[in-house]
Amino acid sequence: MASTQDPKDPVGIQVVPMVDVIFCLCVFFMCSMKVQALEGKFESWLPKSRSSGCEPYTPFEEIRVALLWDEANQRTIRKYGYTVVRDDAHLQEILREAHAGCVRLGRPETPAIMDAGELVPWHEVVSAINLAKRENIDKIEFAAGPDYEKR
């Protein structure tokens, strides 16, 4: 019998078994892969034209948390209506009372609106969102600044 191997090619590579092994490995890794859910995913609704102008404040009309950057002290000031919030526990208590007031008025779906300035660090905004989520406020919106429409 004559050999089909070229005398110049000392090692012959069989491609079909190699493709079979690669295919089996691909199937194995695809079947053993676990898909993880995204962390920190929450639903939010961005406003179209609402702004944080100087409209009169009515309790339980909306749950709006204003986050402002104090340039002089290099810290974030949190407000609910005209009330300056001292710490996280105070904000959580305010959110609890506001949400309970909305439920009493028959509006349990009232959103919590986060009105953050441009210079406010994101961890402050996320902290306020987490406090709202702890009080079972599922709908969270972000307010547009006064110059949102100009952009």
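Residues numbered from 1 in each chain as written. Predicted model: local features only at pLDDT ≥ 70, side-chain atom pairs only at ≥ 80, totals over all residues. Heavy atoms only, no water.

In terms of regular secondary structure, the protein is built from three helices and six strands. Secondary structure elements of the protein, listed N to C terminal, follow the sequence α-β-β-β-β-α-β-α-β. Here the protein holds 151 residues, and the buried ones make up 26% of them. In the protein, of all internal contacts separated by at least 6 residues, the share reaching a separation of at least 24 is 68%. As displayed, the protein offers around 11,700 Å² of accessible surface, 58% of which is attributable to carbon and sulfur atoms. (Helix = DSSP H or I, 4+ residues; strand = E, 2+ residues; numbered from the N terminus. Buried < 20%, exposed > 50% of the residue type's maximum accessible area, 1.4 Å probe, protein only. Contact = heavy atoms within 4.5 Å. Areas by Shrake-Rupley, 256 points an atom, 1.4 Å probe, with all protein chains shown as cover.)

Below, the discussion takes up the packing of helix α2 (residues 88–104) against helix α3 (residues 122–134). Interhelical geometry of α2 versus α3 gives an angle of 45 degrees and a closest axis separation of 9 Å. Classified by the interaxial angle, the pair formed by α2 and α3 is oblique. Pair α2 / α3 crosses with right-handed handedness. Where α2 abuts α3, its residues Asp88, Leu91, Gln92 and Leu95 lie against Ser127, Ala128, Leu131, Ala132 and Arg134. Along the lines of polarity and charge, the residues of the contact of α2 with α3 split into five nonpolar, two polar and two charged. (Axes fitted to C-alpha atoms, helices over the stretch in contact; angles between N-to-C directions. Parallel < 35°, antiparallel > 145°, perpendicular 65-115°, else oblique. Left-handed = near helix turned anticlockwise from the far one by under 90°. Nonpolar A, V, L, I, M, F, W, Y, C, P; charged D, E, K, R; others polar.)

Taken as a whole and judged by the stated rule, the model has three salt bridges. Between Arg78 and Asp88 there is a salt bridge; the shortest N-O distance is 2.8 Å. Pair noted here: Arg78 is in strand β3 (residues 75–80) and Asp88 is in helix α2, with a separation of ten residues, a long-range link. Judged by its relative accessible area of 8%, Arg78 is buried. (Salt bridge = Lys/Arg side-chain N within 4 Å of Asp/Glu carboxyl O.)

With that settled, the discussion passes to the pairing of strand β2 (residues 63–70). Burial runs high along β2: six of the eight residues are buried. Direction of pairing for β2 relative to strand β5 (residues 112–116): parallel, over a ladder of five bridges. Within β5, the residue paired with Val65 across the bridge is Met114. Across six bridges, the pairing between β2 and β3 is antiparallel. Directly across from Asp70, in β3, lies its bridge partner Arg75. (Pairing = 2+ DSSP bridges.)

So, on to the pairing of β5. Counting buried residues along β5, four of its five residues qualify, which places the element largely inside the surrounding structure. As judged from the three bridges shared by β5 and strand β6 (residues 140–142), these two strands associate in the parallel manner. What sits directly across from Ala112, in β6, is Ile140. In terms of handedness, the path from β5 via α3 over to β6 forms a crossover that is right-handed. (Right-handed = clockwise from strand over helix to strand, strands pointing away.)

On the surface, Val11, Ile13, Val15, Met18, Val19 and Ile22 cluster together to form a nonpolar patch covering roughly 580 Å² of accessible area. Within the fold, Ile22 resides in helix α1 (residues 15–32). (Patch = residues over 30% accessible without salt bridge, like charges linked within 9 Å, V, L, I, M, F, W, Y side chains within 5 Å.)

Time to look at the packing of aromatic side chains. Within this structure, the stated rule accounts for one aromatic pair. Between the aromatic rings of Phe28 and Phe29, the centroid separation amounts to 5.3 Å while the plane-to-plane angle is 65 degrees, which identifies the pairing as edge-to-face. Take Phe28 and Phe29: they sit in the same class, and that class is exposed. (Phe/Tyr/Trp six-rings, centres within 6.5 Å; stacked < 30°, edge-to-face > 60°.)

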